[in-house]
Amino acid sequence: MDDSPTQQAQQGLSYTDNLIGTLLAIFGSVIVSISLSVQKYSHVKLAGTKGQRTFNQTKTWWSGFVFICVGEGANFVSYAFAPIAVVAPLNAVSVLTSSILGFLFLREKYKAKDFAKNHGLAFLGYVVIIGGTYLFVSFGPNSHEKLQAENIVKHIVGWPVLLYLLLEIIAFCLLLYFYKQHSANYLVIILLLVALLGSVTVITVKAVSGMLLFTLEGSMQLNYPIFSVMFVCMVASVIFQARFLSQACNLHDPSLAACVNYIFSTVSAVVAGAIFYLEFQNEDVLHICMFLLGSSWMFWVVLLLEGLHCVSSGSFSSPNTGKTPRSLSHTSPWIWRRASQPFTTMALLFSRTLTDLSPTALWLIMMGWPLLLYRSTWNIQL
């Protein structure tokens, strides 16, 4: 049976929105990678001088920060147009961009005997990233939903979301208990905490960006309680996520933390989008399998490129030493790769100004945001 003209028009609009969201996400990842390289260049240049200037007194660093804001803004808007499952894996583009810029712009050195091997595998990685991007963008979910406040509420009150939130809260509390009370500073535990917070981030970012877009189109959504709740939860989850990611980079090798965080955060984001926004509800088995194939390619390439970077630069450090790897010891305390969730890169820049947060505060945030969501749904339904 042929599709009706209305269904064909909606499908065409979905493809257009997905394309816009994809291009915005790629643009944002590239801009953030460039800005981080500019800031790293500022740190390297400042480390070679004998002056007393700090990094935040240089124009180069602030120009990089402005570009970070632009890139993160583009990534934020992309969630209003494309599904989470399409936008989240595109953060691998930043790994490709950072790898190229690290060689060209920052002139990172490689040993002569490893040059051909490293760059041959890196070139293969670039090809696989392009192929993987094509697969999960082409075969990813093509849902098109206007995220009004009422629609977001409908997603919240479903039993799959209730079960998902319950399991997420239990897992987060258990991991946080072992991390804080038993000093389980393992990389996997810290990054699982980051990934769980990241799922909250992508859910709230998509809701906030969607309601803002709908408001710009003429239908006011900012006066609904659900918007305020989502915005507060978005800011809180980004701050806590950046704090844990900063601790992971201080205790473990930053490049290893970057690639593992990309995998964990991407998986949690895709699962969150599939459960909360039902992004794969109308997809067939072939499209889901091709999407998973493209995503697995991206995971493999990220591990490959980051592994080559660590081996060539000798930046691996032993866990729990608290020492900064050699490749970053004279440049900056931050990881020079884009974080996997929106606004987390910006928050990482200020993570050292954040004080240590008690387990009680973290538990209240993680368990309190679903309660705030349901409190706001009562107000809308009434």
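Check the entry above for the structure.
An account of the accompanying structure is given in this report. Note that the coordinates shown come from a computational prediction; the quantities given were computed from them, not determined experimentally. (Residues numbered from 1 in each chain as written. Predicted model: local features only at pLDDT ≥ 70, side-chain atom pairs only at ≥ 80, totals over all residues. Heavy atoms only, no water.)

A word on the overall build of the chain. Each helix and strand in the chain was counted, giving 13 helices and zero strands. Mapped in sequence order, the helices and strands of the chain form the string α-α-α-α-α-α-α-α-α-α-α-α-α. Taken across its 382 residues, the chain has 52% of its residues classed as buried. Within the chain, contacts between residues at least 6 apart in sequence are counted, and of these 85% link residues at least 24 apart. Accessible area of the chain: about 17,800 Å², with a carbon and sulfur share of 68%. (Helix = DSSP H or I, 4+ residues; strand = E, 2+ residues; numbered from the N terminus. Buried < 20%, exposed > 50% of the residue type's maximum accessible area, 1.4 Å probe, protein only. Contact = heavy atoms within 4.5 Å. Areas by Shrake-Rupley, 256 points an atom, 1.4 Å probe, with all protein chains shown as cover.)

With that out of the way, let us pick up the nonpolar core. Across soluble globular proteins, nonpolar side chains have a tendency to be buried as a group. Grouped together as the largest cluster of nonpolar side chains are 70 residues, with contacts concentrated most on Ile 152, Met 230 and Phe 244. For this core, the element with the highest residue contribution is helix α8 (residues 187-216), accounting for 14 residues. (Core = buried A, V, L, I, M, F, W, Y, C linked by side-chain atoms within 4.5 Å.)

Our focus in this paragraph is the environment of Phe 27. Among the structural elements, Phe 27 can be located in helix α1 (residues 5-47). By relative accessible area, which is 42% here, Phe 27 ends up partly exposed. The spacing of Phe 27 and Ser 78 is 51 residues in sequence and 9.8 Å in space, taken between C-alpha atoms. Among residues more than four places away in sequence, those in contact with Phe 27 are Val 70 and Ala 74.

For helix α10 (residues 254-276), built from 23 residues, the straight-helix expectation of 33 Å at 1.5 Å per residue is met to within 8% by its first-to-last C-alpha distance of 31 Å. The buried fraction of α10 amounts to 17 of the 23 residues, a majority that puts the element mostly inside the structure. N-cap assignment for α10: the residue whose side-chain oxygen lies 2.9 Å from the backbone N of Leu 256 is Asp 253. Positive backbone phi, approximately 55°, marks Leu 278, located one or two places after α10. (Expected span 1.5 Å × (residues − 1). Polar contact = N/O pair within 3.5 Å; in protein donor to acceptor, adjacent residues only side chain to side chain.)

This part is about the packing of aromatic side chains. Throughout the structure, instances matching the rule amount to seven aromatic pairs. Residues Trp 62 and Phe 65 carry aromatic rings whose centres are separated by 5.6 Å and whose planes lie at 85° to one another, so their mutual orientation is edge-to-face. Of this pair, Trp 62 and Phe 65 both sit in helix α2 (residues 59-81), three residues apart, roughly one helical turn. Aromatic pair Phe 280 and Phe 291: ring centres 5.3 Å apart, planes at 65°, arrangement edge-to-face. In this pair, Phe 280 is assigned in the loop between α10 and α11 (285-313) and Phe 291 in helix α11, connecting sequence segments 11 residues apart. The class of Phe 280 is buried, set by a relative accessible area of 17%. With relative accessibility at 2%, the residue Phe 291 sits in the buried group. The ring of Tyr 277 has Lys 206 lying over it, and the distance from NZ or CZ to the ring centre is 5.9 Å. (Phe/Tyr/Trp six-rings, centres within 6.5 Å; stacked < 30°, edge-to-face > 60°. Lys NZ or Arg CZ within 6 Å of the ring centre and 35° of its normal.)

Let's shift gears to the environment of Ile 239. Here Ile 239 is to be found in helix α9 (residues 225-251). The class of Ile 239 is partly exposed, set by a relative accessible area of 33%. When the C-alpha atoms of Ile 239 and Leu 197 are compared, they prove to be 9.6 Å apart, with 42 residues separating the residues in sequence.

Okay, the side chain of Thr 215 next. Among the secondary structure elements, Thr 215 is positioned in helix α8. Take Thr 215: its relative accessible area is 16%, and that puts it in the buried class. Here Thr 215 is in contact with Met 220, Gln 221 and Leu 222, once residues within four sequence places are set aside.

Moving on: the packing of helix α7 (residues 159-181) against α10. Contact geometry of α7 with α10 gives a least axis separation of 9 Å together with a crossing angle of 150°. Residues Pro 160, Val 161 and Tyr 164 of α7 pack against Ser 268, Val 271, Ala 272, Ile 275 and Phe 276 of α10. For the contact of α7 with α10, the residue count by class is seven nonpolar, one polar and no charged. (Axes fitted to C-alpha atoms, helices over the stretch in contact; angles between N-to-C directions. Nonpolar A, V, L, I, M, F, W, Y, C, P; charged D, E, K, R; others polar.)

Two quantities define a packed helix pair, namely the angle between the helix axes and the distance between the axes. Running from N to C, α8 and α9 cross one another at 150°; their axes reach a closest spacing of 8 Å. Between α8 and α9, the interaxial angle falls into the category roughly antiparallel. Handedness of the α8/α9 crossing: left-handed. Classifying every residue of the contact of α8 with α9 by side-chain character gives 24 nonpolar, five polar and no charged. (Parallel < 35°, antiparallel > 145°, perpendicular 65-115°, else oblique. Left-handed = near helix turned anticlockwise from the far one by under 90°.)

In this structure, Ser 183 is a non-glycine residue whose phi angle is positive, near 50°. Relative to the helices and strands, Ser 183 is located in the loop between α7 and α8. Not every positive phi belongs to a glycine, and Leu 278 is a case in point at roughly 55°. By the secondary structure assignment, Leu 278 is in the loop between α10 and α11. Note on Leu 278: relative accessible area 36%, which makes it partly exposed.

Shape descriptors only; they carry no functional weight alone.
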